[in-house]
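Close look at the chain arrangement
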Amino acid sequence: MSRRAVVFGAAGQLGIELVRELKERHYSVIAWDRRQVDITDPAAVESALAQFDAEFVFNSAAYNQVDVAEQEPQAAFLVNALAVRNLALACRQVDAQLIHFSTDYVFDGRARAPYTEEDHPHPLGAYAVSKLAGELYAQAYLENSLVVRTSGVFGPGGLATARGNFVEVMLRLAAKPNPIRVVEDHVASPTFAPLLAARTIDLVEKGQAGLFHIGAGVPVSWFHFAQLIFEVAGVSPTLLSTNEREYRTVARRPQYSALSNGKMERAGVAAMPPLRDVLASYFEQRATMVKK
Ligand SMILES: NC(=O)c1ccc[n+]([C@@H]2O[C@H](COP(=O)([O-])OP(=O)(O)OC[C@H]3O[C@@H](n4cnc5c(N)ncnc54)[C@H](OP(=O)(O)O)[C@@H]3O)[C@@H](O)[C@H]2O)c1
C-alpha cells in the first residue's frame, strides 16, 4: 500500500514541488490550497485530517510578506504561528508526522559563517518572530515533528504565484531599460524549490525528526546571485551594486543568513549541486511552463 501524505499550502512554490515529488515517489497525496483548507481555521484543519489517514503532513503554507508584516503582525502570527499550532494538535490526534518549513530570518545576521541548527535564533521583526513561534508550536505538541529552515526559495511555480520569487523579479526588471540595483552586503543561500522538496522528503524517508537547515549549500550575496541569474539567462542588463544603507526596507533583515547543510548531509542526504547548475534547471523548467 502506498504511503499517505497531505500537503497544506499546495499552490505555493514549495507546495507545488512537494506534491509533484511525493507523487513521483508513489505516495498517495492529498493537496489542499488555501481555498480548500485555510490552516488558520482549527475546525477545518481537524476535519480535513480526520478524513484522510495521513502518515505525513507537510505544511508549506505561510504568510511571507516580510515588510507588510510590520503593519499587520497579527496576520503574520495567525498563519505562521497559531495555524501551525492547529496543525500540530490535529497531527497529534491522528498520529501523523508534521513537516513544517521555517526561515533563515530567525537569525540576526551577525554570523560570518553559515548558520547551523545549534546557533541561537534572534529574529529582527514581526515576520521572523512569527516564523520562530511556528517552529516552537510544531515542537511543543509533537515529539517527532520535522522543522526545515530554508532561505530565498525560488521555484518555477513562482512564475504563476502572486508572490513570485527573486529570479522572476530580476527577469522582469531586466526587460526594462533602467539600471537594476541589488544589495551586495546581504548574503543568504537561495534555495531551489524542487531540490528543497526532494531533500526534505529524503529526510522524512530516513526517519529524521527535529530541526534541519536546507539551503543552497553556498553563501551568496543577492548582488552575485543576480549576476549569476543574468549570466545563465543570457541577458545583460545594467546591474549595479547597492547596500543596506542606500536601500532601506520597512522590516529589518539579517545581513548574513546563509544556512549550513552539514546536518542534512551527515544524515545521508545528498549535497546541493552548484548554484549555476541549479539556475540552469530553473530556466529549463521555466521554459516548459512558459510554453504551456
Ligand atoms: N519564499 C521565500 O523566499 C522563503 C524564504 C525562507 C523560508 N520560506 C518558507 O518556505 C515555505 C514555502 O514558501 P514558498 O516560497 O513556497 O511560499 P509561497 O509561494 O508564498 O506559498 C505560500 C502558500 O501558502 C498559502 N497560504 C497563505 N496563507 C494560508 C492559509 N491561511 N491557509 C492555507 N494556505 C495559505 C498561500 O496562498 P495564497 O497565495 O492564496 O496566499 C501560498 O499558496 C514557507 O514556510 C516560507 O515561510 C520561504
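Our subject is the structure that appears above.
A brief structural summary. The structure displayed is predicted, hence computed values, not measured ones.

With that settled, consider the overall build of the protein. When helices and strands are tallied, the protein shows 9 helices and 12 strands. Relative to a compact globule of 292 residues, whose C-alpha radius of gyration would be 19 Å, the protein shows 18 Å and is just as compact. Contacts in the protein between residues at least 24 apart in sequence constitute 81% of all its contacts with a sequence separation of at least 6. Surface summary for the protein: the accessible area is close to 13,500 Å², and the carbon and sulfur share equals 50%. Both charge centroids of the protein, one from 29 positive and one from 31 negative side chains, sit 4 Å from each other.

What follows is about the packing of helix H5 (residues 166-174) against helix H7 (residues 222-233). Packing of H5 against H7 brings their axes to within 10 Å, and their N-to-C directions diverge by 65°. Classed by the angle they form, the pair H5 and H7 counts as roughly perpendicular. As for the relative orientation of H5 and H7, their crossing is right-handed in sense. Counted together, Phe166, Val167, Met170, Leu171 and Ala174 of H5 and Trp222, Phe225, Ala226, Ile229, Phe230 and Ala233 of H7 form the full contact between these two elements. Among the residues forming the contact of H5 with H7, the class breakdown is 11 nonpolar, no polar and no charged.

Side chains Phe56 and Phe58 project from strand E3 (residues 56-59) onto one buried face, and the interleaved Val57 and Asn59 project onto a second face that is buried too. Pairing analysis gives 4 bridges linking strand E1 (residues 4-8) to E3, with the strands arranged parallel. If you follow Val7 over to E3, its bridge partner there is Phe58. Pairing of E3 with strand E4 (residues 97-103), which is carried by 4 bridges, proceeds in the parallel orientation. If you follow Phe58 over to E4, its bridge partner there is Ile99. A crossover links E3 with its parallel partner E4, the connecting element being helix H3 (residues 73-94), and its sense is right-handed.

Right, let's get into the packing of aromatic side chains. What the rule picks out here adds up to 13 aromatic pairs. Where Phe8 meets Trp32, the ring centres are 5.4 Å apart and the plane angle is 35°; that geometry is what we call tilted. With Phe8 in strand E1 and Trp32 in strand E2 (residues 28-32), this pair connects stretches of sequence that are 24 residues apart. Note on Trp32: relative accessible area 11%, which makes it buried. When the centroid spacing of 5.7 Å and the interplanar angle of 20° are considered together, the rings of Phe166 and Phe225 count as stacked. Here Phe166 is found in helix H5, whereas its partner Phe225 is found in helix H7, with 59 residues between them in sequence. Since its relative accessible area comes to 22%, Phe166 is described here as partly exposed. The structure contains a cluster of three or more aromatic residues connected by ring pairs, namely Phe154, Phe166, Phe192, Trp222, Phe225, Tyr282 and Phe283. Between Arg4 and the ring centre of Phe52, over which it is positioned, the NZ or CZ distance is 4.1 Å.

Cut-offs and rules
- Residues numbered from 1 in each chain as written.
- Predicted model: local features only at pLDDT ≥ 70, side-chain atom pairs only at ≥ 80, totals over all residues.
- Heavy atoms only, no water.
- Helix = DSSP H or I, 4+ residues; strand = E, 2+ residues; numbered from the N terminus.
- Rg over C-alpha atoms; globule rule 2.2 N^0.38 Å.
- Contact = heavy atoms within 4.5 Å.
- Areas by Shrake-Rupley, 256 points an atom, 1.4 Å probe, with all protein chains shown as cover.
- Lys, Arg positive; Asp, Glu negative; His and termini not counted.
- Charge placed at Lys NZ, Arg CZ, Asp CG, Glu CD.
- Axes fitted to C-alpha atoms, helices over the stretch in contact; angles between N-to-C directions.
- Parallel < 35°, antiparallel > 145°, perpendicular 65-115°, else oblique.
- Left-handed = near helix turned anticlockwise from the far one by under 90°.
- Nonpolar A, V, L, I, M, F, W, Y, C, P; charged D, E, K, R; others polar.
- Buried < 20%, exposed > 50% of the residue type's maximum accessible area, 1.4 Å probe, protein only.
- Pairing = 2+ DSSP bridges.
- Right-handed = clockwise from strand over helix to strand, strands pointing away.
- Phe/Tyr/Trp six-rings, centres within 6.5 Å; stacked < 30°, edge-to-face > 60°.
- Lys NZ or Arg CZ within 6 Å of the ring centre and 35° of its normal.

By themselves these figures say nothing about function.
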